[in-house]
Each structure stands twice: as C-alpha cells, then as structure tokens.
Amino acid sequence: MSNLRIAVQKSGRLNEDSMNILKDIGISIDNGKDQLKASARNFPVEVFYLRNGDIPQYLRDGVVDAAIIGENVLIEKGNDLDFIERLGFSKCKVSIAVPKESNANSLKDLDGKRIATSYPETVRKYLKEYNIEAQLHIINGSVEIAPNIGLADGICDIVSSGSTLFKNGLKEIEVLLKSEAVLAVSPLISDQRKAILEKIQFRIQSVLKGRD
Ligand code: PRP
Ligand code: MG
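Reading guide: rules and limits
Residues numbered from 1 in each chain as written. Chains lettered and ligands numbered in written order. Predicted model: local features only at pLDDT ≥ 70, side-chain atom pairs only at ≥ 80, totals over all residues. Helix = DSSP H or I, 4+ residues; strand = E, 2+ residues; numbered from the N terminus. Contact = placed C-beta atoms within 7 Å. Pairing = 2+ DSSP bridges. Axes fitted to C-alpha atoms, helices over the stretch in contact; angles between N-to-C directions. Near = placed C-beta within 6 Å. Nonpolar A, V, L, I, M, F, W, Y, C, P; charged D, E, K, R; others polar. Buried ≥ 20, exposed ≤ 12 C-beta atoms within 10 Å, placed from the backbone. Arc of directions from axis to C-beta. Domains from an automatic or database assignment.

1. Section: the environment of Leu176
And then number 1: Along the polypeptide, Leu176 turns up in strand E10 (residues 170-179).
And then number 2: Each C-alpha atom of the pair Leu176 and Asp65 lies 29 Å from the other, and the pair is 111 residues apart in sequence.
And then number 3: Here Leu176 is in contact with Val94, Ser95, Ile96, Thr122, Tyr126 and Cys156, once residues within four sequence places are set aside.

What follows is the structure in structure tokens.
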C-alpha cells in the first residue's frame, strides 16, 4: 500500500504545532531532526519537512499529497489549491502597518506610496480591489525595518503578537486577512491516498473537537 506523503514546515512557527497535531491523532514519527523525510511507525504516512514557501508548488506537482500550511501562504502562493480543514493553530493576521507618527490610517492612504512586503500577490490583490496604486518592494524577511531605513512608507507582513511592529515603532492600520494553519491537498492525489487522508482528517476533527 502506498503511503500518504504529507508536508510540514521544516522550521518556524508552524513546525511544533504541526508535529503535535500528528502526535495527537496517534501518528508517531521517528524524527531525526536533520532528516528531510520521515516515516510514521504506525500509519501509512511519510512526513516531508519543507520550506513554507515551497509547499504550494510541491502540492501542485503532486510530489506531496497533503500539507499542513498557513492559509496566508496558500493565499500568496497557492490560490489555485484547496484545503479541507482549518486546524485552529498558528493564528495570525496579514496586515498593513506604518510608522506610528504617520498620518496614514488605511491602505487607501498609501496610494502613490511605497510598500515593503514578503506577500506581493496578497498586497496586489487588495490594491486592485481598492483601486490603489502603490510601489511594492519585495523583501524576504525583516520587513518591519523597511520604513526605518527609508525604503518604504508602509509594510505588509504577518502580525501575531504584534511585538515586532511595536519594537520597530510601527502601527497596524489595516488587516488584509486573518490566517491559521490548514490541511491542504494536492489536486493530483490518488484515490488510495485520499482514503488515508480522509482517515487523518476524521481523526483531526475529533482532536479539534476535544480541544474546544
Ligand atoms: C514573522 C513575521 C513578522 C513577525 C510577526 O517574522 O514576518 O515579522 O513574525 O510576529 P509578532 O507579531 O509575534 O512579532 P519572523 O520572526 O518569522 O522572521 P522573518 O520576517 O525574518 O521571516
Ligand atoms: Mg518578520
């Protein structure tokens, strides 16, 4: 019988809770930390440890059958992909922020201005929706530093506790979307593996009900 191949974030905010939910549904992984792939001892599942941003393409290509991934990453890089379950952890917002002394109070106020972000597709979608023109600076991390070094008038990034915004003298002026971890599925998943995924989904639903 073929194993279900499920991707989780290799390191970062989702990793620990992703491994915990697998454990809570009774899937135990022999986890050598630097192994990029591990098999479950007691369930037909293989876990692939991947970079967040790479996961949508792996799903699309059918290299993995399912993934635990932030909805925000799906919106940014996998708008064509489906998810079958919200997992209730890694909740965050994708927000617009500006220096606290700025007069801007909403995304509209950044018309004609510069926005630094790691989420260009998400920002473009909202700019289009609001009919705003802004110049995007795409950077991969430490986005909150951009206004302080004169690179941008505002930023769009993930806000969780809000402490990164606070430490960099920024204020949130608009929440573009709210996100949490989801169970995403490949469009190319086989029927046999889909049956395994359905069992996992069922177990996850039980665990989540128990957490409420
Ligand atoms: C993420 C994100 C924000 C921050 C939000 O960055 O890009 O900067 O966390 O969390 P907070 O609201 O709880 O402060 P991360 O630390 O993962 O680093 P990176 O931006 O360099 O990827
Ligand atoms: Mg950051």
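2. Details of unusual backbone geometry
And then number 1: Positioned with a positive phi, Asn131 is a non-glycine residue whose angle comes to about 60°.
And then number 2: Take Asn131: it is sitting in the loop between helix H4 (120-130) and strand E8 (135-138).
And then number 3: Positive phi, close to 50°, is recorded for Ser142, a residue that is not glycine.
And then number 4: If you trace the backbone, Ser142 turns up in the loop between E8 and strand E9 (154-159).

3. Regarding the sheet that holds E8
And then number 1: As summarised here, the arrangement of the 5 strands in space is E8-E7-E9-E6-E10, forming an open sheet in which the pairing is mixed. The open sheet has two edge strands, E8 and E10, and neither has a second partner. When the angles between neighbouring strand axes are averaged without regard to direction, this sheet yields 25°.
And then number 2: With 5 bridges joining them, strand E6 (residues 92-99) and E9 adopt antiparallel strand pairing. Residue pairing across strands places Ser95 opposite Asp157, the latter belonging to E9.

4. Notes on the sheet that holds strand E1 (residues 4-9)
And then number 1: The 6 strands lie next to each other as E2-E3-E1-E4-E11-E5, forming an open sheet whose pairing is mixed. Each having just a single partner strand, strand E2 (37-39) and strand E5 (82-86) make up the two edges of the open sheet. Strand-to-strand twist in this sheet, taken as the mean axis angle between neighbours without regard to direction, amounts to 30°.
And then number 2: This element, helix H1 (residues 15-24), spans E1, strand E4 (66-70) and strand E11 (181-185) of the sheet and lies at about 145° to E1.

5. Points about the site of ligand 1
And then number 1: Inspection of the region around ligand 1 gives Gly141, Ser142, Val143, Glu144, Asp157, Ile158, Val159, Ser160, Ser161, Gly162, Ser163 and Thr164 as its neighbouring residues.
And then number 2: Residue assignment for the shell around ligand 1 shows that the elements contributing at least two residues are E9 and helix H5 (163-167).
And then number 3: With 3 residues, E9 is the largest single contributor of residues to the shell around ligand 1.
And then number 4: Taken together, the residues of the shell around ligand 1 sort by class into 3 nonpolar, 7 polar and 2 charged.

6. As for H1
And then number 1: Within the span of H1, buried status applies to Ser18, Ile21 and Leu22. With its buried residues spanning 100° around the axis, H1 presents them on a single face. Exposed residues lying more than 90 degrees from the buried face of H1 are Asn20 and Lys23.
And then number 2: Taken together, the buried residues of H1 touch E1, E4, E11 and helix H6 (191-211).
And then number 3: A positive phi of about 90° marks Gly26, the residue just after H1.

7. Points about the domain arrangement of the protein chain
And then number 1: Taken as a whole, the protein chain is organised into domain 1 (4-90 + 180-211) and domain 2 (92-179).
And then number 2: Each of domain 1 and domain 2 was reduced to a C-alpha centroid, and the two centroids are 29 Å apart.
And then number 3: In this complex, domain 1 contributes 7 residues to the contact, which on the side of domain 2 involves 8 residues.
And then number 4: Of the residues forming the side of domain 1 that touches domain 2, the biggest block, 4 residues, is contributed by helix H3 (residues 71-77).
And then number 5: Residue composition of the side of domain 1 that touches domain 2, by class: 1 nonpolar, 3 polar and 3 charged.

8. Regarding the environment of Ser39
And then number 1: Structurally, Ser39 can be placed in strand E2.
And then number 2: For Ser39, a count of 13 C-beta atoms within 10 Å translates into the label partly exposed.
And then number 3: With 94 residues separating them along the chain, Ser39 and Glu133 place their C-alpha atoms 48 Å apart.

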